[in-house]
Amino acid sequence: MTLGLKITNVSKTWNPDGPEPVPAVRNLTLDVALGEFVVLLGPSGCGKSSLLYIVAGLEDATEGSVTFDGLDVTEPSPERSLIFQEAALYPWLTVRDNITFGLKIAGQTYKKQKDAAERLLRLVGLVGAGDKRPHELSGGMRQRAALARALAMKPKVLLMDEPFAALDIQTRARMQGHLLNIWESSKASVLLVTHSIEEALALADRVVVFTARPGQIKAEIPISAPRPRDMRSPEMIHLAIQCEALLAEEVEKSFKEQEQELA
Amino acid sequence: MTDETLDAPMVRDKQTSWFKRLLKRLEPTLWVFASLSIFVGFWEFAWWRGWANPLLLPPPHIFLANLTDQFRFFDPGGTRAGALATGGSIFSVLGVIAWSSFRVTAGLVLGFTLSLAIGIGIRYFKIFGKLMLPLVTMLAPISPVAWLPVAVFIFGIGNPPAIFLVFIAIFFIMTLATLSQIDNVPAHYIQLARIMGCNKRQIYRHVILPAILPELFVTLRMNLFAAWMVVLIAEAVGVGSGLGQVTMMARNTFNASLVFFTMTLIGITGFAFDQALRYVQRKVLWWVGPSSVGGL
Ligand SMILES: Nc1ncnc2c1ncn2[C@@H]1O[C@H](COP(=O)(O)OP(=O)(O)O)[C@@H](O)[C@H]1O
Ligand SMILES: [Mg+2]
């Protein structure tokens, strides 16, 4: 039995029986080892989100299989938590109740929920914000609350779909540092989607570059440099140029395709 | 920012800032009066110029002049259309308003809870949904007034037919609104609930219900006025005492002053209802920002 996430020959076509089936992912094979931090990098619309939804168990793959710790993924589970670009906190709950939502569903005692909430609020740097409502928080704070909500369920893998894309650059950098700290202490695997090369290089053990739609793996770039990484070091600049070249080709392709579709 | 920079001018401007705050509090009310004044002013002006016949279109200063004379026609106990001169005090007027308000409230509560239950049921139980949806969609466009004879056949006269009509006036619309709200719950909310381990029942209870309630409450408020119109019609054709009955009696006796006096009462009561619903909405559905409440 292999521990961790195993994606084997997965294809996904949206509306397969409809008039215009959309092939989003094609024949993709990817493993994420226990505790590994993998970043998916690709042009927008290439099927990255589709892949995350399949891994989360929210959507079925059209072909292929996904296993986690040797078991088939057939439905969602708090073990494989998903974090969206917008935090998707429930506006009718306080920040604390949002964070303990999963614990409440799991039937944990009120005392346990309360303790967990305090611990998690401290972990993500939101002490004192527990009684606030989501709309009172900034974008970065909301995203931290969403992270805390996922961590409350002690996930084995965190799936993150462009989690920092809606944040300003300064907040982004802080959040990346934050995420790395949490990842290192939690020992969960991370599969994070981004279209930012810099973000990919700052975070990943391995960057997986996607092709234009339908998404396939174009290249895998392992990065062994210790974190925090200096983006101005020759090694990083070299990697960035490499990624940029790979990505530019695919963006070009997807533009061409869109033009053809319109014509 | 330091405290001095903030406080020093504040002390000097205490008088004005106190006045400004009061003005700010009162501003909505002032606008209400300004809005009314335009209407009333125009009417009074028309009377003064002799454009409006005071017998048919008596302006406010006439129909509000002799209140006790008007009060005579309000009889909260009266069940006969056209009952005359058994009322007489402000309490009988309030009694009549209370009867109409009670019918509206009962119909609204029934309509809101049942439409919510049926709407959720339609989406929750697939077969039930397939059976109910065509029925609801076909009954929805029938005007509540068309239900009036049905209401009388089934319930006779008294409170039940009036309440039934209010119920009918909002039930189908609210059921369809419930469906559309359920379908528009953000997909992420539901996906998240599934990841957190919710089963179907828990998703409805913990996510869909709280997500749809605020908008449904706004829909309810929008249909409040329709409910009022229906109840007045029901009272006018004789289900018992109430503002609608007084209006009809005033019409039958060519008492234009009484017509306008009653219309004023209806307007004020409807306004009060809307304010009350807004208050409930703010207290119960605290997560809805004031921006999405709408209206005055
Ligand atoms: N639920 C869905 N139904 C139909 N088509 C979808 C759905 N989700 C995504 N798609 C389509 O699949 C393709 C890939 O989308 P997505 O996975 O969101 O890409 P990315 O996340 O890389 O931007 C797009 O063309 C998109 O329109
Ligand atoms: Mg996406």
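We now turn to the structure provided with this report. The structure presented is a predicted model; accordingly, all values stated were derived computationally and were not measured. (Residues numbered from 1 in each chain as written. Chains lettered and ligands numbered in written order. Predicted model: local features only at pLDDT ≥ 70, side-chain atom pairs only at ≥ 80, totals over all residues. Heavy atoms only, no water.)

Digging into the interface of chain A and chain B
How big an interface is tends to be stated in terms of accessible area lost as the parts join. Each partner contributes residues to the interface: chain A has 26 residues there, and chain B has 17 residues. When the buried area of chain A at its contact with chain B is split by residue, Tyr90, Trp92 and Ile105 of chain A rank highest and sum to 32% of it. Taken together, the links from chain A to chain B amount to zero salt bridges. Between chain A and chain B we count four residue pairs in polar contact (both at pLDDT 80 or more) in total. If you list the elements that add at least two residues to the side of chain A that touches chain B, you get strand 6 (80-83), helix 3 (101-105) and helix 5 (139-151) of chain A. Per element, the largest residue contribution to the side of chain A that touches chain B is four residues, and it comes from helix 3 of chain A. Classifying every residue of the side of chain A that touches chain B by side-chain character gives 16 nonpolar, five polar and five charged. (Contact = heavy atoms within 4.5 Å. Buried area = accessible area lost by both parts, 1.4 Å probe. Salt bridge = Lys/Arg side-chain N within 4 Å of Asp/Glu carboxyl O. Polar contact = N/O pair within 3.5 Å; in protein donor to acceptor, adjacent residues only side chain to side chain. Helix = DSSP H or I, 4+ residues; strand = E, 2+ residues; numbered from the N terminus. Nonpolar A, V, L, I, M, F, W, Y, C, P; charged D, E, K, R; others polar.)

A closer look at empty space enclosed by the protein
Counted according to the given criterion, the structure contains one cavity of 30 Å³ or more. Space inside the largest cavity adds up to approximately 50 Å³. Forming the walls of the largest cavity are Ser81, Leu82, Ile83, Phe84, Ala87, Ala146, Arg149 and Ala150 of chain A together with Leu192 and Met196 of chain B. Within the residue set of the lining of the largest cavity, elements represented by two or more residues are strand 6 and helix 5 of chain A. (1 Å grid on protein atoms, 1.4 Å probe; cavity = no way out; pocket = protein on both sides within 12 Å on 5 of 7 lines; lining within 4 Å. Points joined across faces, edges and corners; volume = space filled by probe spheres on them.)

Topic: the site of ligand 1
Residues and elements named next belong to chain A. For ligand 1, the full set of nearby residues is Trp14, Val22, Ala24, Ser44, Gly45, Cys46, Gly47, Lys48, Ser49, Ser50 and Arg213. Between Lys48 and ligand 1, the recorded distance is 2.9 Å, taken from a backbone N or O atom to an oxygen atom. In the environment of ligand 1, an oxygen atom lies 2.5 Å from a nitrogen or oxygen atom belonging to the side chain of Ser50. If ligand 1 stood free it would expose 560 Å²; the protein chains cover 65% of that surface. Counting residues per element, the ones that place at least two in the shell around ligand 1 are strand 2 (22-32) and helix 1 (48-56). Broken down by class, the residue content of the shell around ligand 1 amounts to four nonpolar, five polar and two charged. (Near = heavy atom within 4 Å. Areas by Shrake-Rupley, 256 points an atom, 1.4 Å probe, with all protein chains shown as cover.)

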